[in-house]
Amino acid sequence: MKKYIIQSIRLTAILIVLLCVVYPISVAFVAKFSKGNGGGEKITRNGKTVGYALLGQSFNKPEYFWGRPSANGYNAAGSGGSNKGPSNPDYLKEVQSRIDTLLEYNPSIKKSQIPADMVTASGSGLDPNISEQGAAIQVARVASVRKISIEKVKELVAMNTQKPLMGLFGPSSVDVLKLNLALDKL
Amino acid sequence: MNTELLGIIATYLLTVVIAIPLGRYLAKVFAGEKVWTDFLKPLESGIYKLSGINPKEEMDWKQHLKALMMINLVWLVYGFFVLIFQDKLPWNPDGNPGMSPDLSFNTIISFVVNCNLQHYSGETGVSYLSQHYVLMFLQFVSCATGIAAAVVLFKAFRDKTATKLGNFWEFFVKSITRLLLPMSLIIAIILAFNGTPASYEGKDQFISLQGDTVHVSRGPAAQFIAIKHLGTNGGGWFGANSAHPFENPNYVTNTVELVAQVIIPIAMVIAFGIFIRRRKLAWTIFGVMTIGMLLLLVPTISSELGGNPALAKMGIGQSTGAMEGKEVRFGPAISAYWSTVTTIISTGSVNSMHDSTMPLTGLWQLLAMMINSFYGGCGVGLLNYFIYLIIAVFISGLMVGRTPEFLGHKVEAREIKIAAVITLLSPFLILAGTAIASYTFNNYGDATWSVQPKNWLNNPGFHGFSEMLYEVTSSNANNGSGFEGLGDNNVFWNVLTGIILMFGRFLPIIGPIAIAGLLGAKKFIPESAGTLKTDTKTFALMTFAVILVLNALSYFPALALGPIAEYFTIIK
């Protein structure tokens, strides 16, 4: 028994060196050659960081496309979902009020056009995407507030839409941050 | 066919295509035959030498278990103290506090037993030192422990009669050097090049387009996330686990993470068949497991794609399916696949929040964890399945009036007793645990714990009950996912689940190894016309029936009170 204790302790110590020092440092080194150098890819505008390419941001001004509701207010230092169950009455009230807000700001749309992703919170609270339908219902609003043509806005939406992987696998999605950056650039 | 369903099919096919050759490779590695990774031998000899281990020293099943338990104990003690004192130890760039003793107790057990139930949140609860030197370390070694234990079982049935079952340390070290470490390297690099942070930089800050100041947690996460999936651990670097855009940036990484968590469990089944020279048996086992998975998967996908009926009543479109707690870049279909995979395998990582899935999805998730052997965790999935096999052999033996045999060894009272105890253990832990929790919730709502029992539940009614049932089931299955609305960081849940985790891990390892050790040592009886064949379709069906009946009898009442009751309230 004593033999096993000593072997266990020594083996643990050696494996810590291999698995917690050698392995992660090698990966960190290789990752230096990736976009963002392993620290997350940043988006800069006029020399200032305005966001991370992968992380969604809070948008609620009418001139911007809105992202999805977030349970944590797009807090990138404390991710998480709402964890509301599908039958929870308080949750259903919250969804109803999101629907009302969307209808108020986008008077031209019908309720049945609103996709579920625009009125439900994401898993991470940092979802950078909305569905194509989620963007489509906001086009008229953004165009009228920014006083640009609907066609121009639609064109930008299309440019910032990610198609399914290789055109075959998974859903398509619209990148909200990149879309809004493109709008600001006009 | 729509692209979301195609994505699921492609992911599963890719998994099998990788897992089968991997299984062949593993069988050779553990049999000591020549493989292309033999260039790593000097590394292994170095490890043995520095640890004072002689890998040629043969152990019987009891010695194997002693070595296994001893090294696990060392990890428990080491990790417990690091987590408590992490605020005083170096490498804590975000300045996170030390853990309370009960949280540390829960966390360390949870990672030692390959569960990764997390009652803390990655961004605010642990230092980088703890993340790598305790949690990631344990993700490697707990998985290797499971694989090594399964190899002991392989050894018991390879030769006609066997008492010497190889060396535990050798199986354990080889699992790391020949499998986990090289594959983690590859996966971590793929993740890093898709945007997952891998450098040692701490928190960042920026001002968003609308002018909000945003703090961003980062850190060397890619390394952690690779082994988190490969080792069926499931504990996330960030609080939101693989729903977080850093932890799982896009559909490619989602596929990689999905494939990574299933290849070893499938490969172990294939390796088993090759190792004991009974390939047909392995394919029957694989068949039962796959059918079991499909039976859980198909209704899950359909319930998620259908969307939330309560939202449909409000008059909005349901074309995107149920989206609460899900990410748009994955969509509901592959999220449903993930939820099935992560619960049949004991990974417990999530790319969507299970608490917000549809009631029937919750039912299938719970049932998957209760069965816990349709593929199952690294190594331990096969051990769990082995118990079902023994029970099936016994019942079939009784039905045809013969002495039950398994692979040429008589199954007698002692083995059946062990198998029965292990089978009864899960329902006991799950049902008693949930009962204690419900009782406390109802009668001691004002207890002065850091989360008062009356505030435990994030959702009222039947769903609230499901939150507690899920937490206990996940602990027993060493799964680690949760209905995360549950306020679980307090002394009650930390201690209760800590204890369940320990029993739910070690007894289901000790039991099968003991049975295998006892059986392997018995005289070999050559096959005759009277032998019950265990690699036939009939026997596969029998095993499947045993799994179904045992679990349905044990859990139906609890499931009826939770997800099934909720389902009927939501559709009315």
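Residues numbered from 1 in each chain as written. Chains lettered and ligands numbered in written order. Predicted model: local features only at pLDDT ≥ 70, side-chain atom pairs only at ≥ 80, totals over all residues.

Participant: Kindly report on the overall build of chain B, identifying the contributing residues and their values.
Facilitator: For chain B, the count of helices and strands is 18 helices and 4 strands. In chain B, which comprises 572 residues, the proportion classed as buried is 61%. If you take every contact in chain B between residues at least 6 apart in sequence, the share linking residues at least 24 apart comes to 78%. (Helix = DSSP H or I, 4+ residues; strand = E, 2+ residues; numbered from the N terminus. Buried ≥ 20, exposed ≤ 12 C-beta atoms within 10 Å, placed from the backbone. Contact = placed C-beta atoms within 7 Å.)

Participant: Outline the overall build of chain A, listing residues and values.
Facilitator: When helices and strands are tallied, chain A shows 6 helices and 5 strands. In chain A, the succession of helices and strands from N to C terminus is α-β-β-α-β-α-α-α-β-β-α. Taking 2.2 N^0.38 as the reference for a compact globule, 186 residues should give roughly 16 Å; the C-alpha atoms of chain A span a radius of gyration of 23 Å, well beyond that estimate. Here chain A, with 186 residues, has 47% of them falling under the buried criterion. (Rg over C-alpha atoms; globule rule 2.2 N^0.38 Å.)

Participant: Hey, could you go over the interface of chain B and chain A for me, with residue numbers and the actual values?
Facilitator: Chain B puts 104 residues into the contact, and the matching count from chain A is 86 residues. For the side of chain B that touches chain A, the leading source of residues is helix α7 (residues 168–193) of chain B, giving 8 residues. Looking at side-chain class alone, the side of chain B that touches chain A contains 55 nonpolar, 35 polar and 14 charged residues. (Nonpolar A, V, L, I, M, F, W, Y, C, P; charged D, E, K, R; others polar.)

Participant: Go over the environment of Pro101(B), please, and point to the residues and values.
Facilitator: Its place among the elements puts Pro101(B) in helix α4 (residues 101–112). A count of 13 C-beta atoms within 10 Å places Pro101(B) in the partly exposed class.

Participant: Could you give me a rundown of the pairing of strand β1 (residues 42–45) of chain A, with the residues and numbers involved?
Facilitator: Side-chain direction in a regular strand flips from residue to residue, so the side chains alternate between the two faces of the sheet. All names here are of chain A. As paired strands, β1 and strand β2 (residues 48–52) are joined by 4 bridges and run antiparallel to one another. Its bridge partner lying in β2, Ile43 is registered against Gly51. Linking β1 to β2, which pair antiparallel, is a turn of 2 residues; within it Asn46 sits at a positive phi near 50 degrees. (Pairing = 2+ DSSP bridges.)

Participant: Can you tell me about the sheet that holds strand β3 (residues 129–130) of chain A, naming the residues and giving the values?
Facilitator: Residue and element names in this part refer to chain A. Spatially, the 3 strands line up as an open sheet ordered β3-β5-β4, and their pairing is antiparallel. The open sheet has two edge strands with one neighbour each: β3 and β4 (161–162). Bridge count between β4 and strand β5 (residues 173–175): 2 bridges; the pairing is antiparallel. When the bridges of β5 are listed, Gln162 appears paired with Ser173. Relative to β5, helix α6 (residues 176–185) is tilted by about 50 degrees, and along the sheet it contacts β3 and β5. (Axes fitted to C-alpha atoms, helices over the stretch in contact; angles between N-to-C directions.)

Participant: How would you explain the nonpolar core if you had to name every residue and give the values?
Facilitator: What tends to happen in soluble globular proteins is that the nonpolar side chains get buried as a cluster. One finds Val152(B), Ala222(B) and Ile390(B) to be the most contacted residues of the largest nonpolar core, which totals 234 residues. It is helix α6 (residues 128–158) of chain B that provides the largest number of residues to this core, a total of 20 residues. Taken domain by domain, this core gets at least three of its residues from each of domain 1 (1–33) and domain 2 (40–185) of chain A. Not counting the four nearest positions on each side in its chain, Val152(B) is found in contact with Trp61(B), His64(B), Leu165(B), Ile513(B) and Ala516(B). (Core = buried A, V, L, I, M, F, W, Y, C linked by C-beta atoms within 7 Å. Domains from an automatic or database assignment.)

Participant: Describe the environment of Trp338(B), naming the residues involved and giving the relevant values.
Facilitator: Residue and element names in this part refer to chain B. One can find Trp338 in helix α12 (residues 331–344). Trp338 gets classed as buried once you count the C-beta atoms within 10 Å, which come to 28. In sequence terms Trp338 and Lys164 are 174 residues apart; their C-alpha atoms lie 40 Å from each other. If we skip the residues at most four places from it in the chain, Trp338 touches Leu258, Asn351 and Ser352.

Participant: How would you sum up helix α13 (residues 359–371) of chain B? Please name residues and give values.
Facilitator: Residues and elements named next belong to chain B. For α13, which comprises 13 residues, the first-to-last C-alpha distance of 19 Å matches the rise-based estimate of 18 Å (1.5 Å per residue) to within 8%. Across the 13 residues of α13, 13 count as buried, placing the element largely inside the fold. Just downstream of α13 lies Asn372, where phi reads positive at about 60 degrees. (Expected span 1.5 Å × (residues − 1).)

Participant: A description of the pairing of strand β2 (residues 213–216) of chain B should follow, citing residues and the corresponding values.
Facilitator: Residues and elements named next belong to chain B. With burial as the criterion, only one face of β2 is covered, namely that bearing Val214 and Val216; the residues Thr213 and His215 on the opposite face remain uncovered. Bridge count between strand β1 (residues 204–207) and β2: 4 bridges; the pairing is antiparallel. When the bridges of β2 are listed, Ile207 appears paired with Thr213. In sequence, β1 turns back onto β2 through a hairpin of 5 residues, with Gly211 there showing a positive phi of about 95 degrees.

Participant: Please set out the environment of Arg505(B) residue by residue, giving values where relevant.
Facilitator: All names here are of chain B. In this fold, Arg505 is placed in helix α17 (residues 491–521). By C-beta crowding, Arg505 is classed as buried, having 27 other C-beta atoms within 10 Å. When residues no more than four places from it in sequence are discounted, the contact partners of Arg505 are Val113 and Asn478.

Participant: Let's hear about the domain arrangement of chain A: which residues, and what values?
Facilitator: The domains assigned to chain A are domain 1 (1–33) and domain 2 (40–185). With centres defined by C-alpha atoms, the gap from domain 1 of chain A to domain 2 of chain A works out at 43 Å.

Participant: Describe the packing of helix α1 (residues 2–31) of chain A against helix α3 (residues 61–84) of chain B, listing the residues and the values that go with them.
Facilitator: At a minimum axis distance of 9 Å, the contact between α1(A) and α3(B) shows a crossing angle of 55 degrees. As the angle between them shows, α1(A) and α3(B) are arranged oblique. Here α1(A) runs over α3(B); the crossing is right-handed. Residues Tyr4(A), Ile5(A), Ser8(A), Ile9(A), Leu11(A) and Thr12(A) of α1(A) pack against Lys66(B), Ala67(B), Met70(B), Ile71(B), Val74(B), Trp75(B) and Tyr78(B) of α3(B). (Parallel < 35°, antiparallel > 145°, perpendicular 65-115°, else oblique. Left-handed = near helix turned anticlockwise from the far one by under 90°.)

Participant: Describe the packing of helix α1 (residues 3–31) of chain B against helix α9 (residues 251–275) of chain B, naming the residues involved and giving the relevant values.
Facilitator: Residue and element names in this part refer to chain B. Across the interface, α1 lies against α9 with an axial gap of 6 Å and an inter-helix angle of 45 degrees. When the interaxial angle is binned, α1 and α9 end up oblique. Judged by the sense of rotation from one axis to the other, the crossing of α1 with α9 is right-handed. When its residues are assigned to classes, the contact of α1 with α9 shows 21 nonpolar, 4 polar and 1 charged.

Participant: Got a sec to walk through unusual backbone geometry? Specific residues and values, please.
Facilitator: Positive phi values are uncommon outside glycine, yet Asn37(A) reaches one of about 50 degrees. Note on placement: Asn37(A) falls in the loop between α1 and β1. Even without being glycine, Asn478(B) reaches a positive phi, approximately 55 degrees. With respect to the secondary-structure elements, Asn478(B) resides in the loop between α16 (461–476) and α17.

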